[in-house]
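# Residue-level structural notes
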Amino acid sequence: MDRYDSLEAFFRPRSVAVVGASATPGSVGSILMHNLLQTQFGGVVYPVNPKRKAVHGVLCYPSLMDTPEAAQLAVIATPAATVPAMIEQCVERGVRSAIVISAGFSELGAEGRALEKRIHDIALGKLRIIGPNCLGIIHPPGGLNASFASAMAKPGRIALLSQSGAICTSILDWARERNVGFSTFVSVGTMLDVDFADLIDYFSDDPETRSIVLYMESVGDVRKFISAARAAARSKHVILVKAGRHEAGAKAAASHTGALAGSDAVFDAAVRRAGVLRVTTIPDLFNMAEILAHQPSPRGPGLAIVTNAGGPGVMATDALMLAGGQLAVLRPESIAALSAVLPAYWSHGNPIDVLGDAPPERYERALEICAQDPNVQGILILLAPQAVTEPTETARRLARFARVEGKPVLASWMGGADVRAGRTVLGEAGIASFDSPEAAVKAFLNLVQYRRSQELLYEMPAALPEDWQPDQQRARTLLDEVRKSGRTLLTEYEAKELLGCYGIPTVPTVNARSADEAVIEANRLGYPVVLKLWSETITHKTDAGGVVLNLADDAGVRTAFAQIQANAGRYVETHPVAHAAGPAGAFLGVTVQPMIRMKGYELIIGSSVDAQFGPTILFGAGGILVEVFQDRALGLPPLNRTLARRLIERTQIARALQGIRGQRPVPLDQLETLLVRFSYLLCDFLDIREIDINPLLASPEGLLGLDARVVLGAAPTKLAIEPYPNQHTASWRLPNGTDIVMRAIRPEDEPLIEDHHQALSEQSIRMRFFSMVKALSRDRLIRLCHLDYAREMALVAVRKTAEGKPEIIGVSRYYMNPQTRAAEFAVIVRDAYQGEGLGQHLMECLITVARERGVRQLNGAVLRENGRMLALAKDLGFREGTAVDRDAVKVVLDL
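Definitions and limits used
- Residues numbered from 1 in each chain as written.
- Predicted model: local features only at pLDDT ≥ 70, side-chain atom pairs only at ≥ 80, totals over all residues.
- Heavy atoms only, no water.
- Helix = DSSP H or I, 4+ residues; strand = E, 2+ residues; numbered from the N terminus.
- Rg over C-alpha atoms; globule rule 2.2 N^0.38 Å.
- Buried < 20%, exposed > 50% of the residue type's maximum accessible area, 1.4 Å probe, protein only.
- Areas by Shrake-Rupley, 256 points an atom, 1.4 Å probe, with all protein chains shown as cover.
- Lys, Arg positive; Asp, Glu negative; His and termini not counted.
- Charge placed at Lys NZ, Arg CZ, Asp CG, Glu CD.
- Phe/Tyr/Trp six-rings, centres within 6.5 Å; stacked < 30°, edge-to-face > 60°.
- Lys NZ or Arg CZ within 6 Å of the ring centre and 35° of its normal.
- Pairing = 2+ DSSP bridges.
- Axes fitted to C-alpha atoms, helices over the stretch in contact; angles between N-to-C directions.
- Contact = heavy atoms within 4.5 Å.
- Arc of directions from axis to C-beta.
- Core = buried A, V, L, I, M, F, W, Y, C linked by side-chain atoms within 4.5 Å.
- Right-handed = clockwise from strand over helix to strand, strands pointing away.
- Polar contact = N/O pair within 3.5 Å; in protein donor to acceptor, adjacent residues only side chain to side chain.
- Salt bridge = Lys/Arg side-chain N within 4 Å of Asp/Glu carboxyl O.
- pLDDT = per-residue confidence, 0-100.
- Parallel < 35°, antiparallel > 145°, perpendicular 65-115°, else oblique.
- Left-handed = near helix turned anticlockwise from the far one by under 90°.
- Nonpolar A, V, L, I, M, F, W, Y, C, P; charged D, E, K, R; others polar.

Counting secondary structure elements, the chain contains 29 helices and 38 strands. Relative to a compact globule of 895 residues, whose C-alpha radius of gyration would be 29 Å, the chain shows 32 Å and is just as compact. The principal-axis extent of the C-alpha atoms belonging to the chain is close to 100 × 80 × 70 Å. Sorting the 895 residues of the chain into buried and exposed places 56% on the buried side. Just so you have it, the chain exposes about 37,300 Å², and 51% of that area is on carbon and sulfur atoms. Computed over 94 positive and 97 negative side-chain charges, the inter-centroid distance for the chain is 2 Å.

So this is what it looks like as C-alpha cells:
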C-alpha cells in the first residue's frame, strides 16, 4: 500500500511523538503522555517540548527533528498558531501521520480557516492528518490511547467515529457502564484531511470491526462519503446519528464544525440510498449495533406482540401504528393454535394477550406459534411483573427464540429490580430488552428501515427499453438559446419542449402573442381549451391570475386573453421583476392548450439543488395545494426502476395510485420510467437549478404533464452519486463483421452476465477465476453488476442475437482501492469470440477509462499457463511484478 495513503500508522504505530508534551497536571499534553504510557501499546513514546528535559519520566526532545527516529505518528497539542510550523517539521522529518488535538481553526471563522488551509497545503501528498479540534484516537486491540480522554475504552467490535469530542467522552462513560466495547474510537474533529469516508473505507476492511457507528454534524465530501458508506454497508452494519435535524440545530452544528450541514431530508435520502441506518439518539446507535449483531433483519413490517397485560400491548400498538408500522395479521391456523393453548378469554388477535397469570410455558407456546406464522415478521415480548409472574424463568424459557430465522425477537421486561435478572438472561441470549414498549417498537422499526435500505443495494431493477435515447443535442440547443437571451427562467412552452426531449409526455402547448392568434390556435386544437400566461419573468402563473380553464368558444378566448394581460400588469406593479427582460418580459402573450378531461390524480415531480448534496428529486401529491399537504418523498439522481418505485412507495398517495374503492390503478411501470428519464435529464444538465412538473396528471390511461417550470443556475452543480457513465458507450465491429456496443455494466445486466458465464468453457472459467466456478451466486452477481462507478468499472461488449435480444460476449473490469487509487483488473471473452481482438479492445478501453478516472495503477494476477493473457499484457505495456504463488504472476501497469 502507498506509504502516504495508508491509515495504518494512526492505529498501529510503532512510535508516537507527543508535540506539546507536558508534566503540568490536568493539561492536555500531560494527559496525552499519561494515556500513552499507561496503556503500553508496544511502541516508543517521544515527548517533544523545548522547555522540558523530561516528561513523566521520559526523556524529552526540543523538536521533532531531534528524536532518534522519525515517529510514525505525531500527536500535536500546541496553540493553533504554532501548528503549521509543527506540520512542516512532521513533513521534513518524514512522519507518516499526525493527530492535531489543538482547537482554534475553522470553527472560529475566516482566520481559523486560513490556518487550516496553510496546514492542508503543507501536508498535501506527504502527511495524513486527523483533526484539528479533536479528542484523538483510542485503539483497544493494539492498546493505543492517543487521546486526552479520561480512561481507556474496553475492547469490542464497534468502530466509533465522532465529530464531537464532548460526545466522545460522554459515550465512553456511557459505554463503560453498559459493558460496550470498541474496536476503535476516533474523534475526527473538523476533518481537514482524513474524513468519515476515509475511515469508513479503512474499517470496512478491518476484521476486528463488525459495526461502524458515527456521530455526525457535517458530511464533508458528499460523493466520497456516500461511495464509502455504500461499499461498507455491503459487509458491515453502518449506523449513524446526525445532529442538525432542525434548521436551528443545523445552524448550531455549522457554527460548531465550521462546515455546511445541508438539508436534513436530503441527508436522509442519501443515507437510505447508501444502505446505512440512521437513528436519532446515542443509545439507539449502540442498541441497534448489538441487535443487528444478534438478530436478523425482518422480511417485512408485520409485528406480533405477545403480552401479559392489556395496557402495555395497547401502548406498543399505538407506538407501532403512529410510526407507520403494521400489526401482523395472524393466520386462521395460528389463531386456532393459540386458542388451543391459551385460556378461553385471551385476546383472540394481535396483540396476543396471554393474561396476567401467564406462566413461562404459556409465553413459550405463544412464541412457538408466532415463529411459525409466515405473516409474522418480527416478535415483541412484553412482560409486566405481577403477583404470579416469573420474569427470570420466563426469560430462560424464551432465550431459545433468540435465533428465529428471518424474524427478530425483541423484549420489554417492564419494571426495576424484579425484572433485572430476566433482562440479563435475555441479553446474554441475544434478545435485546427495553425499559418500555415504545422503545422496543422503535428498535423494530429501525430494523425494518435498515432492511429496506439494504434491499436497495441488492435488488435488480427492471430494464428500460434499449432502443430509447434522449435527444440531448436538441435539449442543449434549447437551453443555450435561453441563456443567450439573457434569461434563466424558461417559458412554459420551452420547459415542455425540454421534457419532451427526454420522453416525458406533456399536454400539447402553443404560444400566441395576440388574441387573434389565440383564437386560431384554439380552433386548431379544438375546444374546450386552457389559456395560460406566457412570461419570461413570472414563475407562478396561478399566483398572477395567469390561468383560465375550460374556455368553450372564440369569445371566451378573447376575454381570457385580455384578463390574463391585465392581471399580469397588476402583478408586475406589486411584484418588481428583477430580470434582464424587465417588466416587458412579464407578458409576451398566452399559451393555448387543450382542456384535459382525463380524470386522475395530480402529482408533482420536481428538483432543486441542495447546497451540499446537489440536485435532488421530489415526488408526491401535486396541484395547487402541494405545499399544504406536504405528501412528498425525496431521492437523489440517478434513479433506476427500483429506486423510482421505492420513491413512490414512501408517499401517502402511493396507495391511491394502486387503485382504491373500485378505481383502476395508475400504470406504475410508466411512472417509474418517467422518474428514471427525469433523473437522466438532471444528470445530463447540471446547470438546471429548479424544475417542476406540477401537476403531472396520473390516470389509468397514462401520464401527462399539465404544467412545467424550469430555472437555470449560474454554474453547473455536482451530483452526490456518480451517474451512469454514458460517455463510455461506443460502437465497434469485430473482424467477422459482428456489430458490438461497448458500454458500462448496469445492475439490470444480471441475467445477461449469468448467461455469459454459462456459455464459457471450463478452461475459460479457470483462467479467469483460478478455479471452476460453475454458477454465479446472487451475491457474486450483485458484486459484478451493481457497481459504484466512482471506484469500480466494468465494460461489457454487447451484440444483438438473431432474435434482436442483447447478449454479452466479453467483459473487462477493475476495482480501485480508494485509499491508494490502485486497481485490480480482470477480462474475459466468450469462447466463440476469442481470437478476434475483442479482449485487447476491451482492455484498451478499460485502460483509457482508468486513466480518465484517476486510477494510478492497474494490476492483476495471471496464471502462468495463460500465455495469451501474459502476451496481451506485455503488448499493452504491463510489466511483470511479484509472483502471487507458484502458479500465478502479477502484471502491473503504472498510469
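Still to come is the rest of the account.
Here the focus is the packing of aromatic side chains. Here the structure, examined in full by the defined rule, presents 13 aromatic pairs. For the pair Tyr502 and Phe685, a centre-to-centre distance of 6.2 Å together with 80 degrees between the ring planes defines the contact as edge-to-face. Of this pair, Tyr502 sits in the loop between helix H18 (492-500) and strand S20 (510-512) while Phe685 sits in the loop between helix H24 (668-684) and strand S28 (688-699), placing them 183 residues apart in sequence. Aromatic ring contacts, followed pair by pair, group Phe10, Phe11, Tyr202 and Phe203 into a single cluster. Taking the ring centre of Phe267 as reference, the NZ or CZ of Lys242 above it sits at 5.2 Å.

As a further point, take helix H19 (residues 515-525). Residues of H19 that are buried include every one of Ala515, Ala518, Val519, Glu521 and Ala522, and no others. Within two residues after H19, Gly526 carries a phi angle of roughly 100 degrees, on the positive side.

This part is about the sheet that holds strand S5 (residues 73-76). Reading across the sheet, the 5 strands line up as S2-S1-S5-S6-S7 and stay open at both edges, with parallel pairing between neighbours. Bordering the open sheet on either side are strand S2 (44-48) and strand S7 (128-130), each of which pairs with just one other strand. Shown here is a sheet whose adjacent strand axes are inclined to one another by a mean of 20 degrees, direction ignored. In this structure, strand S1 (residues 15-19) lies alongside S5, joined through 4 bridges in parallel fashion. Across the sheet, residue Val19 finds its bridge partner in S5, namely Ile76. Strand contacts of helix H2 (residues 28-39): S1, S2 and S5, with the helix running at about 165 degrees to S1, the strand carrying the most contacts. Lying over the sheet, helix H3 (residues 83-93) contacts S1, S5, strand S6 (97-100) and S7, oriented at roughly 170 degrees with respect to S5.

Counting along an α-helix, one turn takes 3.6 residues, and residues three or four places apart therefore face a common direction. Taken together, the buried positions of helix H25 (residues 750-758) are occupied by Glu750, Leu752, Ile753, His756 and His757. Angular distribution of buried residues about the axis of H25 spans 165 degrees; they occupy a single face of the element. Contact partners of the buried residues in H25: helix H16 (437-458), strand S32 (739-744), helix H26 (762-769), helix H27 (778-785), strand S34 (806-816) and strand S35 (822-829).

The subject of this paragraph is the pairing of S1. The element S1 is extensively covered by neighbouring structure, given that 5 of its 5 residues are classed as buried. Neither face of S1 is left uncovered, since the one carrying Ser15, Ala17 and Val19 and the one carrying Val16 and Val18 both have all their residues buried. Here S1 pairs with S2 via 5 bridges, running parallel. Across the sheet, residue Val19 finds its bridge partner in S2, namely Val48.

Okay, the nonpolar core next. Burial of nonpolar side chains together is a common tendency in soluble globular proteins. One finds Ile99, Leu214, Phe225, Ile226 and Phe613 to be the most contacted residues of the largest nonpolar core, which totals 63 residues. Every residue in contact with Ile99, bar those within four places of it in the chain, is listed here: Phe10, Leu73, Ala74, Val75, Ile76, Ile130, Cys134, Gly136, Ile137 and Ala146. Ile740, Met742, Ala744 and Leu787 belong to the second-largest nonpolar core, a separate cluster that totals 52 residues.

Another point: the sheet that holds strand S22 (residues 547-551). Strand order in this open sheet of 4 strands is S20-S23-S21-S22, and the pairing throughout is antiparallel. Looking along the sheet, the strands with just one partner apiece sit at the ends: S20 and S22. The average angle at which neighbouring strand axes cross in this sheet is 30 degrees, direction not considered. Inspection of the sheet shows S20 paired to strand S23 (residues 589-594) by 3 bridges, in the antiparallel sense. In the sheet register, Asn511 faces S23, and the bridge partner there is Thr591. This element, H18, spans S20, strand S21 (529-534) and S23 of the sheet and lies at about 45 degrees to S23.

We now examine the pairing of S6. Residues Ser97 and Ile99 point to one face of S6 and Ala98 and Val100 to the other, with burial holding for every one of them. Here S5 runs beside S6; their pairing, made up of 4 bridges, is parallel. Opposite Leu73, over in S6, you have Ser97 as the bridge partner. Following the chain from S5 across H3 to the adjacent parallel S6, one finds a crossover that is right-handed. Examined bridge by bridge, S6 and S7 share 3 bridges and lie parallel to one another. Along S7, the bridge assignment pairs Ala98 with Ile129.

Here Ser164 shows up in the loop between strand S10 (155-162) and helix H5 (165-177). Polar side-chain contacts of Ser164 include one of 3.4 Å to the backbone nitrogen of Ala166.

A side chain of one charge can pair with a side chain of the opposite charge if their charged atoms are brought near each other. Counted according to the given criterion, the structure contains 57 salt bridges. Where Asp480 meets Arg476, a salt bridge forms, and the shortest distance between an N and an O atom there is 3.4 Å. Of this pair, Asp480 and Arg476 are both found in helix H17 (residues 472-484), 4 residues apart, which corresponds to roughly one turn of the helix. Using a relative accessible area of 30% as the deciding quantity, one classes Asp480 as partly exposed. Taking relative accessible area as the criterion, Arg476 reaches 25% and is therefore assigned partly exposed. Put simply, Glu361, Glu364, Glu368, Glu393, Arg396, Arg397 and Arg400 are held in one network by salt bridges that share partners.

Within the chain, residue pLDDT values average 90, and 95% of them lie at 70 or more. Per-residue pLDDT stays below 50 along residues 253-262; that stretch engages in 24 contacts with residues further than four places along the chain or on separate chains.

Look at H17 against H18: their axes get within 9 Å of each other, and the N-to-C directions meet at 155 degrees. For the element pair H17 / H18, the angle class is roughly antiparallel. The crossing of H17 and H18 is left-handed. Where H17 abuts H18, its residues Arg474, Ala475, Leu478, Leu479 and Val482 lie against Glu494, Glu497 and Leu498. A class-by-class count of the residues in the contact of H17 with H18 yields 5 nonpolar, no polar and 3 charged.

For the rest of this paragraph, the subject is the environment of Val849. For Val849, the location among the structural elements is in helix H28 (residues 838-852). Taking relative accessible area as the criterion, Val849 reaches 4% and is therefore assigned buried. Residues Val849 and Gln630, 219 residues apart in the sequence, show an inter-C-alpha distance of 43 Å. Dropping the residues within four chain positions of it, Val849 is found in contact with His728, Met793, Leu795 and Tyr814.

Below, the discussion takes up the side chain of Asn35. Among the secondary structure elements, Asn35 is positioned in helix H2. If near-sequence neighbours (up to four positions away) are discounted, Asn35 is found in contact with Asn145, Ser147, Phe148 and Ala149.

Pro528 follows Tyr527 through a cis peptide bond whose omega is 0 degrees. Considering the arrangement of structural elements, one finds Pro528 in the loop between H19 and S21. At the junction of Pro637 and Pro638, the peptide bond is cis and its omega measures out at 0 degrees in the coordinates. Relative to the elements of secondary structure, Pro638 occurs in the loop between strand S27 (632-635) and helix H22 (641-649). Its identity is not glycine, yet Met191 carries a phi of approximately 55 degrees, on the positive side. Structurally, the position occupied by Met191 is in the loop between strand S11 (182-187) and helix H6 (196-204). For Met191, a relative accessible area of 12% puts it in the buried group.

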